[in-house]
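Below are the chains, spelled out letter by letter.
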Amino acid sequence: MTRDELFALFDRLGIAHRTLEHPPVFRVGEGEEIKAGLPGGHTKNLFLKDAKGRLWLVSALQDTAIDLKRLPSAIGSARLSFGPSALLEEALGVTPGSVTAFALANDRDRRVTFVLDAALARADPVNFHPLTNTATTAISQADFRRFLASLGVTPLIVDFARAAAS
């Protein structure tokens, strides 16, 4: 799916979206001046593979601490590592730096388990890259849930703040 196809899907679903174009952003912490122009929850997204070959996409608020050593017990996975870029492109159709929950639209075989940070699940609106790291798109939390439902994706919601404290 291309960015234009993603926006066409949003339009078909009646999802209002606002996109801000910007220079490429590759890491959390870059583009703070860009984020200031978009209210709501800004995200970090991790594409992971566990020791049993299962694929995971974790979306959290940008400042959320995620401990990859403790994460398996929180989500029920085997030991986790970052998924290789070729596998990311195959499974979600995006490149490193452009990982986004919107890429779940490219996971036609539903190979990827989606993990959503509880704090991000309360943020409104939510901001993700629209399949490329040269823009950020905002949609409401209700529309984000409508998007996920249209794909048949039920997120596994994890309270990372509570997990970090325990």
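Before any of the text, the structure's been laid out above.
Residues take numbers from 1 onward in each chain, read along the sequence in its written order. In keeping with the model being predicted, local features are shown solely for residues with a pLDDT of at least 70 and side-chain atom pairs are shown and tallied solely at 80 or more, while totals for entire chains, interfaces and linings include all residues. Here the side-chain values reflect all heavy atoms present in the structure, with hydrogen atoms and water set aside.

### Some details on the overall build of the chain
Each helix is a run of DSSP H or I of at least 4 residues and each strand a run of E of at least 2, with the numbering of both proceeding from the N terminus. Summing up its helical and strand segments, the chain has seven helices and eight strands in all. Burial classes follow relative accessibility: with a 1.4 Å probe on protein chains only, a residue under 20% of its type's maximum area counts as buried, one over 50% as exposed, and anything between as partly exposed. Per-residue burial for the chain yields a buried fraction of 49% across its 166 residues. Residues are treated as being in contact if the distance between any of their heavy atoms lies within 4.5 Å. Across the chain, every contact between residues at least 6 apart in sequence was considered, and the portion connecting residues at least 24 apart equals 65%. In short, Shrake-Rupley with a 1.4 Å probe defines the accessible areas, and a residue's cover is counted only from the protein chains shown. Carbon together with sulfur atoms contributes 52% to the accessible area of the chain, which is approximately 7900 Å² in total.

### Here we look at the environment of Leu71
Topologically, Leu71 is positioned in helix α3 (residues 71-75). Once the C-alpha coordinates of Leu71 and Phe160 are considered, the two residues, 89 residues apart in sequence, prove to be 8.8 Å apart. Once you skip the residues sitting within four places of it in the chain, Leu71 turns out to touch Leu48, Val58, Ile66, Leu80 and Phe160.

### Regarding the environment of Phe10
Note that Phe10 resides in helix α1 (residues 3-13). C-alpha separation for the pair Phe10 and Arg146, spaced 136 residues apart in sequence, amounts to 9.5 Å. If sequence neighbours within four positions are ignored, Phe10 has contacts with Ile15, His17, Phe102, Thr137, Ile139 and Phe147.

### Considerations on α1
Think of an α-helix as 3.6 residues a turn; residues three or four steps apart then line up on the same face. Of the residues making up α1, those classed as buried are Leu6, Phe7, Leu9 and Phe10. Around the axis of α1, the buried residues are gathered within 155 degrees of arc, so they sit on the same side. In α1, those exposed residues whose orientation departs by more than 90 degrees from the buried face are Asp4, Asp11 and Arg12. Check the buried side of α1 and you find it contacts β1 (18-21), β7 (135-139) and α6 (141-151). Remark: Gly14 follows α1 within two positions and exhibits a positive phi of approximately 75 degrees. The directions considered for the arc run from the helix axis to the C-beta atoms.

### Thoughts on the packing of aromatic side chains
Any aromatic ring pair is given by two values, namely how distant the centres are and how the planes are angled relative to each other. Only Phe, Tyr and Trp rings are paired, with Trp represented by its six-membered ring, and only when their centres lie within 6.5 Å; those with planes under 30 degrees apart are stacked, over 60 edge-to-face, the remainder tilted. Evaluated as defined, the whole model comprises seven aromatic pairs. Taking 5.6 Å as the distance between ring centres and 85 degrees as the angle between the ring planes, the aromatic pair formed by Phe102 and Phe147 counts as edge-to-face. Here Phe147 lies in helix α6 and Phe102 lies in the loop between α4 (85-92) and β5 (112-117), a separation of 45 residues in the sequence. A relative accessible area of 0% places Phe102 in the buried class. Taken together, Phe7, Phe10, Phe102, Phe114, Phe128, Phe144 and Phe147 form an aromatic cluster joined through their ring pairs.

### Details of unusual backbone geometry
Residue Asp124 is joined to Pro125 through a cis peptide bond whose omega torsion reads 0 degrees. Locating Pro125 in the fold gives a position in the loop between α5 (118-122) and β6 (126-128). Even without a glycine there, the phi angle at Arg110 is positive, about 55 degrees. As for its position among the elements, Arg110 is in the loop between α4 and β5. On the accessibility criterion, Arg110 (34% relative accessible area) is partly exposed.

Note that every value here comes from positions in space, so none of it alone points to a role or purpose.
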